[in-house]
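Residues per chain are reported as follows:
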Amino acid sequence: MQITIRKWKQTDAADLAAALSNQNILNNLRDGLPYPYTEKDAEKYISFTLNSDPNDTFAFAIDVDGKAVGSIGAFRQGNIHCRTAELGYYLAEEYWGKGIMTSAVKQLCEKLFAETDLIRIFAEPFSYNAGSRRVLEKAGFQLEGIMKNNAFKNGKVLDMALYAYTRDTL
Ligand SMILES: CC(C)(COP(=O)(O)OP(=O)(O)OC[C@H]1O[C@@H](n2cnc3c(N)ncnc32)[C@H](O)[C@@H]1OP(=O)(O)O)[C@@H](O)C(=O)NCCC(=O)NCCS
């Protein structure tokens, strides 16, 4: 299995829509994505990634043997946080549990620290999201704390876990 991260292509829209139009994925993300998530929605997102500032938005398709099976992105923050980026990701459900996201997160972090001035990459999974937390830990992220009552999602108050991967700035 060849796992790479690469730029999105408009021809990935059908694969992206098929992957993301899934409540088991959407339940673990922030609100705001439509359900069902259509090919048109996917086309809009792909256009956004291709037209955004490449120094601020680092958004990639996760490619397994030539097919887009997931999404990973790091988004530069503003103001005094301008050298930090928030990481987000998801994988089509049929590909879960094969080590794909661990590989994708490692690849993106390596690329960001090699090619940008970023000094901190952080992620905020819901505390209960054991799979995502394990991915971050395996990719070298440190748990910095639990943010109590940090989200209201699907009618429930949820804690979130703050993880960061930092570059040595000395
Ligand atoms: C979370 C997610 C990205 C994991 O991706 P994945 O490719 O299946 O993860 P990996 O196969 O690389 O697994 C990494 C580790 O996590 C563990 N893991 C994966 N899913 C798990 C789960 N649901 N519960 C407990 N452990 C889990 C694996 O066993 C592995 O650990 P190990 O090597 O010690 O056995 C994927 O399940 C997903 O897309 N979920 C929905 C969206 C989401 O939660 N996005 C993150 C929002 S913060």
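Residues numbered from 1 in each chain as written. Predicted model: local features only at pLDDT ≥ 70, side-chain atom pairs only at ≥ 80, totals over all residues.

**Looking at the nonpolar core**
Inclusion rule: Structurally, a nonpolar core is described as a collection of buried Ala, Val, Leu, Ile, Met, Phe, Trp, Tyr and Cys residues joined by way of C-beta atoms within 7 Å. Residues with at least 20 other C-beta atoms within 10 Å of their own are called buried, those with 12 or fewer are called exposed, and the rest are partly exposed. The C-beta atoms themselves are positioned from the backbone. The way it works is that DSSP assigns letters per residue, a run of H or I at least four long becomes a helix, a run of E at least two long becomes a strand, and they are numbered from the N terminus.
Membership of the largest hydrophobic core comes to 46 residues, with the highest contact counts inside it found for Ile62, Ala104, Val105, Leu108 and Ile121. Considering each element in turn, this core owes the most residues, 7 residues, to helix α4 (residues 100-115).

**Things to note about the sheet that holds strand β2 (residues 57-64)**
Rules: For two strands to be treated as a pair, DSSP must find no fewer than two bridges joining them. Angular values range over 0 to 180 degrees, each being the angle between N-to-C directions of two axes fitted as lines to C-alpha atoms, with helices fitted over their stretch in contact.
Ordered in space as β1-β2-β3-β4-β5-β7-β6, the 7 strands form an open sheet in which the pairing is mixed. Taken across any chain shown, the strands that pair with only one partner, and hence form the sheet edges, are β1 (3-6) and β6 (142-153). Here the average twist between neighbouring strands, direction ignored, is 30 degrees. As paired elements, β1 and β2 share 4 bridges and run antiparallel to each other. Bridge assignment links Ile3 to a residue of β2, and that residue is Val64.

**Some details on the site of the ligand**
Heads up, the condition is: By definition, a residue lies near a molecule or strand provided its backbone-derived C-beta atom is within 6 Å of it. In this classification, Asp, Glu, Lys and Arg are treated as charged, Ala, Val, Leu, Ile, Met, Phe, Trp, Tyr, Cys and Pro as nonpolar, and every other residue, Gly included, as polar.
Close contacts around the ligand come from 22 residues, with Asn28, Met101, Thr102, Gly131 and Arg134 the closest. Elements supplying a minimum of two residues to the shell around the ligand: β4 (84-91), α4 and α5 (130-138). Take the shell around the ligand: its biggest share by element is 6 residues, from α5. The class makeup of the residues in the shell around the ligand is 12 nonpolar, 7 polar and 3 charged.

**Notes on helix α3 (residues 39-51)**
Filter applied, for reference: What a helix is expected to span follows from its residue count: subtract one and scale by 1.5 Å. By definition, the arc is the one covered by directions from the helix axis to the C-beta atoms. For the purpose of contact definition, each residue receives a C-beta atom placed from its backbone, and two residues are in contact when these atoms lie within 7 Å.
Taking 1.5 Å of rise per residue, the 13 residues of α3 would be expected to cover 18 Å, and the 18 Å separating its terminal C-alpha atoms lies within 8% of that figure. Buried residues of α3: Ala42, Tyr45 and Ile46, and no others. End-on view of α3: buried residues confined to an arc of 100 degrees, all on one side of the axis. With respect to the buried face of α3, the exposed residues turned more than 90 degrees away are Lys40, Lys44, Phe48 and Asn51. Elements in contact with the buried residues of α3: α1 (13-20).

**Some details on the packing of α4 against α5**
Note the threshold: When describing relative orientation, an angle under 35 degrees is termed roughly parallel and one over 145 degrees roughly antiparallel, while 65 to 115 degrees is termed roughly perpendicular and anything else oblique. The handedness criterion is simple: a crossing whose near helix is rotated anticlockwise from the far helix by less than a right angle is left-handed, and one whose near helix is rotated clockwise is right-handed.
Packing of α4 against α5 leaves a shortest axis separation of 9 Å and a crossing angle of 45 degrees. As summarised for this structure, α4 and α5 are arranged oblique, according to the angle between their axes. Between α4 and α5 the crossing geometry is right-handed. Seen from α4, the contacting residues are Met101, Thr102 and Val105; seen from α5, they are Val135, Leu136 and Lys138. Considered class by class, the residues forming the contact of α4 with α5 number 4 nonpolar, 1 polar and 1 charged.

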